[in-house]
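Overview (structure and organization)
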Amino acid sequence: MFFGLLEPYAALYERAFSRYEARREHDSLQRTLGEEFGGVRVLRLKETILDAADRDPAVRRRLVDWAHETVAVRGGGRREVAEARRSMEQNADAWTRCTSSPSCS
């Protein structure tokens, strides 16, 4: 899809790709599936993952660990990078505690 955005005709797209139009078409499809095909339930990946993380601390821990492994922290110097990494870890700990508590919102 990326190359289709750069040069739609060379990538065999009929026209330039519009992210907004694609989103509108997807929402329309989701609505049609739900209303006209016996209540088909469409799950959104982000919501499904976050719901699983709220229900299961092991899933939440795996997501946080994956974020730590995936996110690259770069900066002007070692001190700034270390501080940014520490801040990320503290925020993840706070998010983990907050998402497991009904009093957080």
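Here the structure is shown first, and the text comes after it.
Residues numbered from 1 in each chain as written. Predicted model: local features only at pLDDT ≥ 70, side-chain atom pairs only at ≥ 80, totals over all residues. Heavy atoms only, no water.

What about the environment of leucine 43?
The topology assignment puts leucine 43 in the loop between α2 (19–36) and α3 (45–55). A relative accessible area of 53% places leucine 43 in the exposed class. C-alpha separation for the pair leucine 43 and glutamine 30, spaced 13 residues apart in sequence, amounts to 9.5 Å. (Helix = DSSP H or I, 4+ residues; strand = E, 2+ residues; numbered from the N terminus. Buried < 20%, exposed > 50% of the residue type's maximum accessible area, 1.4 Å probe, protein only.)

Notes on the pattern of salt bridges
Two side chains of opposite charge can pair, provided their charged atoms sit close to one another. One pass over the full model with this rule turns up five salt bridges. A salt bridge links arginine 24 to glutamate 21; the nearest nitrogen and oxygen atoms lie 2.5 Å apart. Of this pair, arginine 24 and glutamate 21 both sit in helix α2, three residues apart, roughly one helical turn. Note on glutamate 21: relative accessible area 31%, which makes it partly exposed. Between aspartate 27 and arginine 23 there is a salt bridge whose closest N-O contact spans 3.4 Å. Here aspartate 27 pairs with arginine 23, and both are found in helix α2, just four residues apart, close to one helical turn. Among the charged side chains, a salt-bridge network with shared partners connects Arg23, Asp27 and Arg44. (Salt bridge = Lys/Arg side-chain N within 4 Å of Asp/Glu carboxyl O.)

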